[in-house]
Structure formats: structure tokens, C-alpha cells
Amino acid sequence: MKNVAVIGSGTMGNGIAHVFAQFNYQVNLIDINQTALDQALKTIEKNLDRQVAKGTLTDHQKQVTLQNISTFTVISEGVATADLIVEAATENIDLKLKIFKDLDLHAPKSAILASNTSSISITQIAAVTSRGEKVIGMHFMNPVPVMKLVEVIRGYQTSNETTDTIMELSKSLEKTPVEVNDYPGFVANRILMPMINEAIYTLYEGVAGVYEIDTVMKLGMAHPMGPLQLADFIGLDVCLAILKVLHDGFGNSKYAPCPLLINMVAAGRKGVKSGEGFYRYTAGSKDLIVSDKFKKS
């Protein structure tokens, strides 16, 4: 298994392509937007430069990694010779189902189809294909080149052979794979999102401010990043989408997204990606500045 196609060139997609290419897989990075693909290659090169500067990669390895990546704007062309396809598109069920229908039609029958979804049912995704035994979840963590965990999610039809293959392949990327079963949010987000949601409720109900909430969790619980800063980093729209999946999937009010989160996303305050969420973000600055909306008067 040496030929990998990655669908989607955003933050997760370019990170996944980066890691596979770094470990000498031939990677076809696919996106409908050529401008997005060009930007993805610039991001990958920038991240490789960081690795070279830290001494974890040589300049030669950087060049080989970049040479291992080809870009495509047409799915049928990009997946034609793939042994594995990893879908890393937006966390939208309708979009994912359409992509997997196309993949099933155009990818080799022997190819494994994986989704990087953080919460959507692998069983539901597999149901639109004719190869349910070869459909699996491969949930990387952000930033992909740095984070070691891969959640490997078995759908109802996923075979032992497919699971074993993806577990071993993850290890070949120097990742630590953890096998989990297919329930809303899997493990990572089933635990993480209620914590983030509760932190937002704590702010919404006036218990404490943004800085105070994050400081309690960083210094009191030894978290490297507070839950509100982490929500900004993930994307508030992504957090909302995952909470909706949990709420719909379990029918339990404890997963209901906080009204503040809903309003922030509606207002376009999505965190780092939009320049403002619970904090304000300025290009080139590492200062953590609480949004004016949440500053104490």
C-alpha cells in the first residue's frame, strides 16, 4: 500500500498529505479548487521548513516529501491508482456521502476508503458504497504532523482485515492508533466537546471570564491549552457541528450546544480561522488577547 489519495486540501487534508508523503507514500492531494491546492503546498512547505529548522528533518527529506505529492482537481483522476483514500472534507454529512459515492464509483475495487471525520457515523458513510467492509474511520488530530494519535473507527461492516491494515499503516507513520467503535463522537470528541461546551456555558452564565476559565483548566488540570482557546483553534463552527451530531445521535440534552456558541457561529466568529472567537488573532502575533466582546468593563 504505497499510493494514497487525500480528499480536501484544508488544514487536516494538507496535514495528512504531509505526513504520508514524509514517510515515502506517493500522495495525490485532491480539491476542486486549484488555488486551495496551491496554498496547501505552501503550507506543507512552511511546516517542513519548521521541521528542518528543528533538526527533525533534513533538507533532502523535505525535498523528497514535496516530490511525493501531486495535486488534482478531478476525483476520478486523483483516485484512479490509489490503494487508500482518506477523505478530509468539511464536517458535513451530505458532502461526505456524495464524496464516498463518487469514490466507490471511481476508486479501484481493492482500495480502502477512510474518513477523517471527527464525529459522523462510519456505518452511515459506508452504507452508500458497495464495499462496506473496506470503509473505516481514520481520525487524525490537529496539527497532523505533530499529534501522535489516530482514532481508527470500525463501522458496522468494517472487516478485521481492513482494521488491521489501517492500524499497521498508522504505525508506519509513527502514529499511535487506537481502535474504537462507531458511536457519535467516537471517544475523543464524545469526551472533549461536552467539556468545551460546559466551558462556554460557564462563560455564558457569568461564572467567570475567558481568561479565568482557561487559566483554571491550564494550571489546575495541567491542560496545555484552555478549552475556550482550544475551541477557537478547532473552529467554533466545527465544535457546533460535532455537538449537533452528539445531540442528534444520543438524544440527550447534555449535548445541546450552548446558545452563546450558536450565536457566535451565526455572527461569523469562528475562532482562529475568522480572526476572532473567544480571543482575537492577528497574523504574525502569538499574543493571546481576549475578544473585546468578553473583556470586563
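Because the structure is a prediction, the values reported are computed rather than measured.

Taken as a whole, the protein is organised into domain 1 (3-181) and domain 2 (189-294). On a C-alpha basis, the centroid separation for the pair domain 1 and domain 2 is 27 Å. If you look at the interface, domain 1 gives seven residues, while domain 2 gives five residues. Both sides of the domain 1 and domain 2 interface together cover about 470 Å² of buried area, and 60% of this is carbon and sulfur.

This part takes up unusual backbone geometry. Here Asn-142 and Pro-143 are connected by a cis peptide whose omega angle stands at 0°. Its place among the elements puts Pro-143 in the loop between β6 (135-140) and β7 (149-154). Residues other than glycine seldom take positive phi values, yet Glu-174 does so here, at roughly 60°. Of note, Glu-174 is situated in the loop between α7 (160-172) and β8 (176-181). Backbone geometry at Phe-186 places phi at a positive 55°, although glycine is not the residue there. You can call Phe-186 buried: its relative accessible area is 4%.

Rules used throughout
Residues numbered from 1 in each chain as written. Predicted model: local features only at pLDDT ≥ 70, side-chain atom pairs only at ≥ 80, totals over all residues. Heavy atoms only, no water. Domains from an automatic or database assignment. Contact = heavy atoms within 4.5 Å. Buried area = accessible area lost by both parts, 1.4 Å probe. Helix = DSSP H or I, 4+ residues; strand = E, 2+ residues; numbered from the N terminus. Buried < 20%, exposed > 50% of the residue type's maximum accessible area, 1.4 Å probe, protein only.

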